[in-house]
Amino acid sequence: MIPAAFQYYRPKDMAGVLAILAEHGDDARVMAGGHSLIPMMKLRMAEVPHLIDLQEVGGLSGISIDDRITIGAMTTQAELIDNDALAQAAPILREAALQIADPQIRYMGTVGGNLANGDPGNDMPGLMQCLNATFTVVGPDGERSLAARDFYEAAYMTGREDNEVLTAISFARPQGGHAYEKQKRKIGDYATAAAAVQITKSDGSCAGASIAMTNLSDTPVFSEAAGAALAGTSVDTSAVKAAVAAMLADIDPVEDNRGPIAFKRHVAGVILARAIERAWSRA
Amino acid sequence: MSKKQHYTLTVNGTEEEVLAEPRELLIYTLRERLNITGPHIGCETSHCGACTVTIDGKSVKSCTMFVAQADGKEITTIEGLGGPDALHPLQQAFKEHHGLQCGYCTPGMITRAAKLLEENPNPTEEEIRFGMSGNICRCTGYQNIVKSIQAAAAEMNASKEAAE
Ligand SMILES: Cc1cc2nc3c(=O)[nH]c(=O)nc-3n(C[C@H](O)[C@H](O)[C@H](O)COP(=O)(O)OP(=O)(O)OC[C@H]3O[C@@H](n4cnc5c(N)ncnc54)[C@H](O)[C@@H]3O)c2cc1C
Ligand code: FES
Ligand code: FES
């Protein structure tokens, strides 16, 4: 498997990255861990005449934890899993990252690459919608912020312009109970269905819930209605049923090698019910 | 074709210069330019782990990295862990506990297992299975691979204690 030829760049700062993007336009693309992009290039589904490796660009990695949590785009899944303070502050991240791909891929795959890629199978986008995260991108006109919940437009189409680079992700320290539940055919597979849930509890009833689903549409699906169905309830069987029904009205899966539509809808319901139950037990 | 470039890789402690196109996959550079044929090509699609090497302390599938990305890096392959005259404890344990049959997956398995034991010298069976989940074996059914890794861990811990 030999990808189309390309010119390789390894700039040391963002100014260098932006200059190459400006010079070559659509013919240039950044690469983080390469574990989505290289397979696509090997299959010749992506052609990148000017490939910009971000590995030496300073200031793009690291995790800072305060009332808000900020994660540099080049932070790898493995670094995210290894960070105990992060696992304390936002345990859903480690829980989700451990369900992504396999150990080798997690050493290379980055949070930013997973979010920028725009593949509906990626797990981090739904997770970040659940956490109501904000993405920081930088381009020729400087920096701007985009909400994770507005970022995904269609498969591989996002709110990021081609000449912009994702630099960081931030979100408020999550409260209450969490769960990332994923159904896959084997380790290293993308989700048949996955659910990210955060729930807060007050006086024995649900104060609020945030729910997002993965690989059940051409974008991740933040289901506001599913969260609303739980709010104010004791998260009993009928509330969970109502949340699942609301979620099913928001997803739009297609038939593929992971199964027909009816099967995916069934799995989505099972996975969400499990995720709600687990998140609630931790709230 | 894009122009060939000079790249410097440190492989198993030896600095190597190669002249290659940036798009060359690292596994080909290792096998065909440097004649380091321990790492194998199983799937070439990032799934099987036969091509696993260690790069700057990370287990990496070398079919999913361009040689240009590896420029300036330290790479360890199965050849760097041990050889016929001085087997690595993992190599010895795979031999003794039937951790291989055809042997095709073995270099990747052992290279990955070495990194796993470095990070977690006392893994449970579950941790071994999870930590090895990026490596596929068509022959053994994994049972003896797990046993081999457990035996190597015990051996490595015992000799570490003896040294202290
Ligand atoms: C066998 C296998 C199994 C996998 N299983 C899963 C899974 O279960 N779940 C899952 O979520 N993922 C899975 N992945 C994908 C893996 O997590 C990728 O590493 C990840 O999606 C992309 O991260 P990367 O750093 O490798 O990005 P790259 O491959 O380098 O980039 C991906 C895309 O994002 C763009 N990009 C990267 N960084 C930036 C940036 N900072 N700013 C702007 N654009 C950027 C690139 O131009 C490219 O278009 C799997 C991959 C493999 C090979
Ligand atoms: S050959 Fe690289 S993962 Fe299979
Ligand atoms: S021993 Fe044959 S593939 Fe593992």
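All residue numbers here refer to positions counted from 1 along the written sequence of the relevant chain. Each chain gets a letter, beginning with A, and each ligand a number, beginning with 1, in the order they are written. Totals for whole chains, interfaces and linings use every residue, but because this is a predicted model, local features are given only for residues with pLDDT of at least 70 and side-chain atom pairs only at 80 or more, for both listing and counting. Based on all heavy atoms of the structure, the side-chain values leave hydrogens and waters out of the count.

1. What about the overall build of chain B?
Part 1 of the reasoning: A count of helical and extended segments in chain B gives 7 helices and 5 strands.
Part 2 of the reasoning: Comment: elements are numbered from the N terminus, with helices defined as DSSP H or I runs of at least four residues and strands as E runs of at least two. Traced from its N-terminal end to its C-terminal end, chain B shows the element sequence β-β-α-β-β-α-β-α-α-α-α-α.
Part 3 of the reasoning: The C-alpha radius of gyration of chain B comes to 16 Å, within 12% of the 15 Å expected for a compact globule of 164 residues.
Part 4 of the reasoning: Along the longest, intermediate and shortest principal axes, the C-alpha atoms of chain B span 50 × 35 × 25 Å.
Part 5 of the reasoning: Each residue gets one of three labels from its accessible area relative to the maximum for its type: buried under 20%, exposed over 50%, partly exposed in between, using a 1.4 Å probe on protein chains only. Expressed as a percentage of its 164 residues, the buried residues of chain B come to 52%. Each radius of gyration is computed over the set of C-alpha atoms, and the globule rule expresses the reference value as 2.2 Å times the number of residues to the power 0.38.

2. Re the domain arrangement of chain A
All names here are of chain A.
Part 1 of the reasoning: Delimitation of the domains relies on an automatic or database domain assignment. Taken domain by domain, chain A consists of domain 1 (7-53), domain 2 (63-172) and domain 3 (177-282).
Part 2 of the reasoning: When each unit is reduced to the centre of its C-alpha atoms, the spacing between domain 2 and domain 3 is 20 Å.
Part 3 of the reasoning: Facing 23 residues of domain 2, the contacting portion of domain 3 comprises 26 residues.
Part 4 of the reasoning: What gets called buried area is simply the loss in accessible area from a 1.4 Å probe that two parts show on being joined, summed for both. Buried surface at the junction of domain 2 and domain 3, both sides included, amounts to about 2,000 Å², of which 56% is carbon and sulfur.
Part 5 of the reasoning: For this analysis, a salt bridge means a side-chain nitrogen from Lys or Arg found within 4 Å of a carboxyl oxygen belonging to Asp or Glu. Counting every contact that joins domain 2 to domain 3 gives 3 salt bridges.
Part 6 of the reasoning: Two residues, Arg-282 and Glu-95, come together in a salt bridge whose shortest N-O distance is 3.0 Å.
Part 7 of the reasoning: Two N or O atoms form a polar contact when they lie within 3.5 Å of each other; inside protein one atom must be a possible hydrogen donor and the other a possible acceptor, and for residues adjacent in sequence the pair counts only when both atoms belong to side chains. Viewed at the interface, domain 3 and domain 2 are joined by 14 residue pairs in polar contact (both at pLDDT 80 or more).
Part 8 of the reasoning: Those elements that place two or more of their residues in the side of domain 2 that touches domain 3 are helix H5 (91-97), helix H8 (124-130) and strand E8 (152-154).
Part 9 of the reasoning: Note that Gly is not counted as nonpolar here; it falls among the polar residues with everything else outside the nonpolar set of Ala, Val, Leu, Ile, Met, Phe, Trp, Tyr, Cys and Pro and the charged set of Asp, Glu, Lys and Arg. Considered class by class, the residues forming the side of domain 2 that touches domain 3 number 13 nonpolar, 5 polar and 5 charged. We call two residues in contact when some of their heavy atoms are within 4.5 Å.

3. Some remarks on helix H4 (residues 89-96) of chain B
Part 1 of the reasoning: Those residues of H4(B) that fall on the buried side of the exposure criterion are B:Leu90, B:Gln91, B:Ala93 and B:Phe94. Taken end-on, H4(B) shows its buried residues confined to a sector of 165°, consistent with a single buried face. In this description, one arc is meant: the one made by directions from the helix axis to the C-beta atoms.

4. A closer look at the pairing of strand E5 (residues 68-72) of chain A
All names here are of chain A.
Part 1 of the reasoning: By definition, two strands form a pair when at least two bridges between them are found by DSSP. Taken together, the 3 bridges between strand E4 (residues 63-65) and E5 define a ladder with antiparallel strand orientation. The partner of Ile-65 across the bridge, within E5, is Ile-69.
Part 2 of the reasoning: Here E4 folds back onto E5, and the loop between the two strands holds 2 residues.
Part 3 of the reasoning: Here 5 bridges tie E5 to strand E10 (residues 165-172), and the two strands are oriented antiparallel to one another.

5. With respect to the site of ligand 1
Part 1 of the reasoning: Residues are labelled near a given molecule or strand when at least one of their non-hydrogen atoms is within 4 Å of it. Close to ligand 1 lie 32 residues; A:Val30, A:Ala32, A:Leu37, A:Thr110 and A:Asp123 are nearest.
Part 2 of the reasoning: One finds residues of chains A and B in close proximity to ligand 1.
Part 3 of the reasoning: At a separation of 3.3 Å, an oxygen atom of ligand 1 approaches a polar backbone atom of A:Ala101.
Part 4 of the reasoning: A distance of 2.8 Å separates an oxygen atom of ligand 1 from a polar side-chain atom of A:Lys182.
Part 5 of the reasoning: To measure how exposed things are, a 1.4 Å probe is used in the Shrake-Rupley method; for residues, cover is taken only from the protein chains shown. A total of 960 Å² of accessible area belongs to ligand 1 in isolation, and the protein chains cover 97% of it.
Part 6 of the reasoning: Those elements that place two or more of their residues in the shell around ligand 1 are strand E2 (28-31), helix H7 (111-117) and E10 of chain A.

6. Quick word on the pairing of strand E13 (residues 205-214) of chain A
Residue and element names in this part refer to chain A.
Part 1 of the reasoning: By the bridge criterion, 9 bridges tie strand E12 (residues 193-202) to E13 in an arrangement that is antiparallel. For Ile-199, the partnering residue across the bridge sits in E13 and is Ala-209.
Part 2 of the reasoning: Turn length for the E12-E13 hairpin, with the two strands adjacent in sequence and antiparallel, is 2 residues, and the turn residue Asp-203 shows positive phi of about 50°.
Part 3 of the reasoning: Relative to strand E14 (residues 221-222), E13 runs antiparallel, the two being bridged by 2 bridges. In the sheet register, Met-213 faces E14, and the bridge partner there is Val-221.
Part 4 of the reasoning: Here E13 folds back onto E14 in antiparallel fashion, the turn holding 6 residues, of which Asn-215 has a positive phi close to 65°.

7. A word on the layout of surface pockets
Part 1 of the reasoning: Put simply, the grid is 1 Å and covers the protein atoms alone, a cavity is a trapped set of points that fit a 1.4 Å probe, a pocket is an open set with protein on both sides within 12 Å along at least five of seven lines, and lining residues have an atom within 4 Å of a point. Grid points are joined across faces, edges and corners, and a volume is the space filled by probe spheres set on the points. Reported here for the second largest pocket is a volume of approximately 490 Å³.
Part 2 of the reasoning: The residue inventory of the lining of the second largest pocket, partitioned by class, reads 7 nonpolar, 2 polar and 6 charged.

8. Some thoughts on the pattern of salt bridges
Part 1 of the reasoning: Scanning all chains against the criterion turns up 18 salt bridges over all chains.
Part 2 of the reasoning: Between A:Arg258 and A:Asp189 there is a salt bridge whose closest N-O contact spans 2.7 Å. Note that A:Arg258 is positioned in the loop between helix H11 (237-250) and helix H12 (261-282) and A:Asp189 in the loop between strand E11 (177-183) and E12, a separation of 69 residues in sequence. The two residues A:Arg258 and A:Asp189 agree in class, both being buried.
Part 3 of the reasoning: The shortest N-O distance in the salt bridge between B:Glu119 and B:Lys115 comes to 3.8 Å. Residue B:Glu119 and its partner B:Lys115 are both found in helix H5 (residues 106-119); the two are separated by 4 residues, about one turn of the helix.
Part 4 of the reasoning: Assessed through its relative accessible area of 46%, B:Glu119 is described here as partly exposed.
Part 5 of the reasoning: Residue classification places B:Lys115 among the buried positions, given a relative accessible area of 6%.

9. Let's talk about helix H7 (residues 143-163) of chain B
Residue and element names in this part refer to chain B.
Part 1 of the reasoning: Helix span is expected to be 1.5 Å times the residue number reduced by one. Between its terminal C-alpha atoms H7 stretches 30 Å, which fits the 30 Å expected from 21 residues at 1.5 Å a residue.
Part 2 of the reasoning: Among all positions in H7, only Ile-145, Val-146, Ser-148, Ile-149, Ala-152, Ala-153 and Asn-157 are buried. The buried residues of H7 all sit within an arc of 165° when viewed along its axis, so they share a single face. Along H7, exposed side chains directed more than 90 degrees from the buried face belong to Glu-161 and Ala-162.
Part 3 of the reasoning: In this fold, the buried residues of H7 make contact with H4, H5 and helix H6 (125-131).

10. Observations regarding the domain arrangement of chain B
Residue and element names in this part refer to chain B.
Part 1 of the reasoning: When its domains are assigned, chain B resolves into domain 1 (5-80) and domain 2 (82-163).
Part 2 of the reasoning: Computed over C-alpha atoms only, the centres of domain 1 and domain 2 are separated by 21 Å.
Part 3 of the reasoning: Every contact between the two is made by 20 residues of domain 1 and, on the other side, 13 residues of domain 2.
Part 4 of the reasoning: Put simply, domain 1 and domain 2 have 0 salt bridges between them.
Part 5 of the reasoning: Where domain 1 touches domain 2, the interface holds 7 residue pairs in polar contact (both at pLDDT 80 or more).
Part 6 of the reasoning: Listed by contribution, the elements that provide at least two residues to the side of domain 1 that touches domain 2 are strand E3 (52-55), strand E4 (58-61) and helix H3 (78-81).
Part 7 of the reasoning: The residue inventory of the side of domain 1 that touches domain 2, partitioned by class, reads 6 nonpolar, 12 polar and 2 charged.

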